[in-house]
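Read off the chains here:
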Amino acid sequence: MTGLTRSSADLSPRRRRILYRCWHRGIREMDLVFGQFAEEEISALSDAELDEFEAIMGEDDHDLHAWITGAKPLPEHLQTPLFARVASYRPDFDPVTTASLQAKSER
């Protein structure tokens, strides 16, 4: 997935704003994680979940990337079911090489 595929026409202004922010994070890897999550789940999140999601989005992208990839331990305040759901939207962070492309085509 490379960008927005969901229409935001049926979303409230707050949800539209969040969806936009998810795809425009500043680091492409985080665009993919947050954007994919938001496209799938933004319309079903409760107000409390939206509050938590916005707080997660307020974290530094480099830290988020490190926590999601496991490069750094996840801080206690982010050890929540919602963060786990967001982190489950994991694009392939591995470098693209001839060998990696060949391995994927063999699956």
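What you are looking at is a predicted structure, and each value in this text was computed from that prediction instead of being measured.

## Quick look at the packing of helix α1 (residues 13-23) against helix α2 (residues 28-41)
Argument step 1. It is at 6 Å that the axes of α1 and α2 come closest, and there the two elements cross at 150°. Taken together, the axes of α1 and α2 are roughly antiparallel relative to one another. Taken together, the residues of α2 that come into contact with α1 (itself represented by L19, C22 and W23) are R28, M30, D31, L32, F34, G35, Q36, A38 and E39.
Argument step 2. Split by residue class, the contact of α1 with α2 holds seven nonpolar, two polar and three charged.

## Considering α1
Argument step 1. The complete set of buried residues in α1 reads R15, I18, L19, C22 and W23. Axial view of α1: buried residues confined to an arc of 130°, hence all on one face. Exposed positions of α1 whose direction lies more than 90 degrees from the buried face are P13 and Y20.
Argument step 2. The inward-facing, buried residues of α1 contact α2 and α3 (47-57).

Parameters and conventions
- Residues numbered from 1 in each chain as written.
- Predicted model: local features only at pLDDT ≥ 70, side-chain atom pairs only at ≥ 80, totals over all residues.
- Heavy atoms only, no water.
- Axes fitted to C-alpha atoms, helices over the stretch in contact; angles between N-to-C directions.
- Helix = DSSP H or I, 4+ residues; strand = E, 2+ residues; numbered from the N terminus.
- Parallel < 35°, antiparallel > 145°, perpendicular 65-115°, else oblique.
- Contact = heavy atoms within 4.5 Å.
- Nonpolar A, V, L, I, M, F, W, Y, C, P; charged D, E, K, R; others polar.
- Buried < 20%, exposed > 50% of the residue type's maximum accessible area, 1.4 Å probe, protein only.
- Arc of directions from axis to C-beta.

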